[in-house]
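Structure assessment
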Amino acid sequence: MPSTTLSAVWYGTGDLRLEDRPLAPMGPTEVLVEVANCGVCATDLHMLDGTIRLYPPPRLLGHEIGGTVRAVGGDVTHVQPGDAVAVDTGLACNTCFHCREGRPFMCPNRKSAGGGFSEYNVVPASVVYRLPTGVSPRIGALAEPLSCALHAVERGQLRPADSVAVVGAGALGLLVSILARLCGATRTLVSDPDPRRRELALQFGASRVLDPLHDNLLEAAREMTDGRGVDCAFEAAGLQATFEQALELPRAGGTLVQVSVPSPEIRVPLKTYDLFSRELTIRGSYIRTTEFQRAVDLLATLDLSSLIGERFALKNIGAAIEAARRRDSIRVLVGPG
Ligand SMILES: [Zn+2]
Ligand SMILES: [Zn+2]
């Protein structure tokens, strides 16, 4: 059992420090996980930039964790040393109103169990999920964003034969477009200014891809749906312009789901008459509720390897952050060695 771990600790805007930290002794219901890979998410970049303040510093960053179990406490039965696992770092109190209403991510007492930009984590067994046979900890790092995408398609209440538009083809947008097809959507339109991301969307089965800087999204959505507009649109880029684009796309009676993390400063002009006369449903999709296990299970049946790009050693975390900012790939990974 190691007594310390190298971890990247966030101390505030632009201040990420590599530190050797003491590792808490493992209790009977805890698990020691050696991180293999952790995805660098836009949320990590926003927290570093100070544009989104989800939590106060100091804090371990990295919440998309694939790893290997190294030791388990005496009361832990669902995983054993050597198991490949994914870790859901969100730890809710289980006693507040929101927890008891089945929405642990609204819990005001929610804490983070460990952090992925770290060699080791001692975490409660309840946040450790064994990966299906054949799924590596590398792919396991995608369980977390996949769980958020699952939550989003559930918020969209998709039905077989639905038409769907996804504005933004980053990790969430691409995963939502894949899951929309799995839910039975037969027409999916994906918009992103980056040609490489549009190509990925096509490989993942999008019916049509568009460049929002040159193409008219509303026209394309209408073309695809006999002039009606789509059943459900997903905003997956987090910008004011993309929200305004996505808002136009649902048909009368349709739904818009806000799934990406927008800057808290963004305001949009909303025609309330539109809301009234189109009977629009606008829904937020905040992280997840209980989708993590199904995301883990889904990893066994999806080939998501093309979402993963360069991998950096933890000691080069700065370079990993820069690579994520350049958006060279959908997911940059960080791992201990
Ligand atoms: Zn994330
Ligand atoms: Zn709670």
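Residues numbered from 1 in each chain as written. Chains lettered and ligands numbered in written order. Predicted model: local features only at pLDDT ≥ 70, side-chain atom pairs only at ≥ 80, totals over all residues. Heavy atoms only, no water.

**Concerning the overall build of the protein chain**
Helix and strand counts for the protein chain stand at 11 helices and 18 strands. The C-alpha radius of gyration computed for the protein chain amounts to 20 Å, which stays within 12% of the reference 20 Å derived for 337 residues, consistent with globular compactness. If you line up the protein chain on its principal axes, its C-alpha atoms span 65 × 40 × 35 Å. The burial tally for the protein chain puts 54% of its 337 residues in the buried class. Contacts in the protein chain between residues far apart in sequence, at least 24 positions, make up 68% of those at least 6 positions apart. Put simply, the protein chain shows about 14900 Å² of open surface, and 51% of that area lies on carbon and sulfur atoms. (Helix = DSSP H or I, 4+ residues; strand = E, 2+ residues; numbered from the N terminus. Rg over C-alpha atoms; globule rule 2.2 N^0.38 Å. Buried < 20%, exposed > 50% of the residue type's maximum accessible area, 1.4 Å probe, protein only. Contact = heavy atoms within 4.5 Å. Areas by Shrake-Rupley, 256 points an atom, 1.4 Å probe, with all protein chains shown as cover.)

**Structural notes on the pairing of strand S1 (residues 4–12)**
Where S1 meets strand S2 (residues 15–22), 8 bridges bridge the pair, whose relative direction is antiparallel. Residue pairing across strands places Gly12 opposite Asp15, the latter belonging to S2. Taken together, the 2 bridges between S1 and strand S4 (residues 59–60) define a ladder with antiparallel strand orientation. When the sheet's bridge partners are listed, Trp10 is paired in S4 with Arg59. (Pairing = 2+ DSSP bridges.)

**Let's talk about the coordination of the zinc ion (ligand 1)**
Listed as protein donors to the zinc ion (ligand 1) are Cys41 (SG), His63 (NE2) and Glu64 (OE); their distances from the metal cover 2.1 to 2.6 Å. For the zinc ion (ligand 1), all donor residues lie on one chain, and their spacing in sequence is C-x21-H-E. Of this pair, Cys41 sits in the loop between strand S3 (30–39) and helix H1 (42–49) while His63 sits in the loop between S4 and strand S5 (64–72), and the two are 22 residues apart along the sequence. We classify Cys41 as buried; its relative accessible area is 10%. (Donors = N, O, S within 2.8 Å, 3.2 Å for Na, K, Ca; no water.)

**Side note on the sheet that holds S1**
Strand order in the open sheet formed by 3 strands is S2-S1-S4, and the pairing between neighbours is antiparallel. Each having just a single partner strand, S2 and S4 make up the two edges of the open sheet. Sitting on the sheet, H1 touches S1, S2 and S4, and the angle it makes with S1 is about 55°. (Axes fitted to C-alpha atoms, helices over the stretch in contact; angles between N-to-C directions.)

**Here's the deal with the domain arrangement of the protein chain**
Domain parsing of the protein chain yields domain 1 (4–141 + 303–335) and domain 2 (147–284). The gap between the C-alpha centroids of domain 1 and domain 2 is 28 Å. On the side of domain 2, 15 residues touch domain 1, which itself brings 13 residues to the contact. Together domain 1 and domain 2 conceal approximately 1000 Å² of surface at their shared face, both sides included; 62% is due to carbon and sulfur atoms. Sorting the residues of domain 1 by area buried against domain 2 places Leu307, Arg327 and Ile330 first, and these three jointly supply 45% of that buried surface. At the boundary of domain 1 and domain 2, one finds 0 salt bridges. (Domains from an automatic or database assignment. Buried area = accessible area lost by both parts, 1.4 Å probe. Salt bridge = Lys/Arg side-chain N within 4 Å of Asp/Glu carboxyl O.)

**Quick look at the nonpolar core**
With 46 residues, the main nonpolar core has Leu146, Leu174, Phe234, Leu299, Leu304 and Leu307 as its most contacted residues. Elements with a contribution of two residues or more to this core: helix H4 (143–155), strand S11 (163–167), helix H5 (171–182), helix H6 (195–203), strand S14 (230–235) and helix H10 (292–299). Ranked by residues supplied to this core, first place goes to H5 with 7 residues. For this core, the two domains that each supply at least three residues are domain 1 (4–141 + 303–335) and domain 2 (147–284). Ignoring any residue separated from it by four or fewer positions in sequence, one finds Leu299 in contact with Leu131, Val135, Ile139, Gly140, Leu142, Ala143, Leu146 and Leu304. Grouped together as the second largest cluster of nonpolar side chains are 33 residues, Val69, Val76, Val85 and Val87 included. (Core = buried A, V, L, I, M, F, W, Y, C linked by side-chain atoms within 4.5 Å.)

**A closer look at unusual backbone geometry**
A cis amide bond links Pro57 to the next residue, Pro58, at an omega of -5°. Tracing the backbone through its elements, the reader meets Pro58 in the loop between H1 and S4. One non-glycine residue with positive phi stands out, namely Asn94, at about 65°. With respect to the helices and strands, the residue Asn94 is situated in the loop between strand S7 (90–91) and helix H2 (97–100).

**Observations concerning the packing of H4 against H10**
Interhelical geometry of H4 versus H10 gives an angle of 115° and a closest axis separation of 8 Å. With respect to H10, the axis of H4 lies roughly perpendicular. You can see that H4 and H10 cross each other, and the crossing is right-handed. When H4 is examined against H10, the residues Ala143, Glu144, Leu146, Ser147, Leu150 and Glu154 are found in contact with a partner set consisting of Phe292, Arg294, Ala295, Val296, Leu298 and Leu299. Across the contact of H4 with H10, the residue classes break down as 8 nonpolar, 1 polar and 3 charged. (Parallel < 35°, antiparallel > 145°, perpendicular 65-115°, else oblique. Left-handed = near helix turned anticlockwise from the far one by under 90°. Nonpolar A, V, L, I, M, F, W, Y, C, P; charged D, E, K, R; others polar.)

**A short note on the coordination of the zinc ion (ligand 2)**
Taken together, the protein ligands of the zinc ion (ligand 2) are Cys93 (SG), Cys96 (SG), Cys99 (SG) and Cys107 (SG), with distances of 2.3 to 2.4 Å. Considering all 4 donor atoms around the zinc ion (ligand 2), the spread of angles at the metal, 103 to 117°, places the coordination shape in the tetrahedral class. Accessibility expressed as a relative area gives 6% for Cys107, which makes it buried. (Tetrahedral: all angles 85-135°; square planar, octahedral: opposite > 155°, others 65-115°.)

**Some remarks on the pattern of salt bridges**
This structure, assessed with the given rule, holds 19 salt bridges. In this structure, the salt-bridge partner of Arg294 is Glu154, at a minimum N-O distance of 2.8 Å. Of this pair, Arg294 sits in helix H10 while Glu154 sits in helix H4, and the two are 140 residues apart along the sequence. For Glu154, a relative accessible area of 36% gives the class partly exposed. Between Asp274 and Arg278 there is a salt bridge, with the nearest N and O atoms lying 2.9 Å from each other. With a relative accessible area of 24%, Asp274 lands in the partly exposed category. According to the relative accessible area criterion, Arg278 is buried, its value standing at 15%. Through salt bridges with shared partners, a single network forms among Asp49, Glu322 and Arg325.

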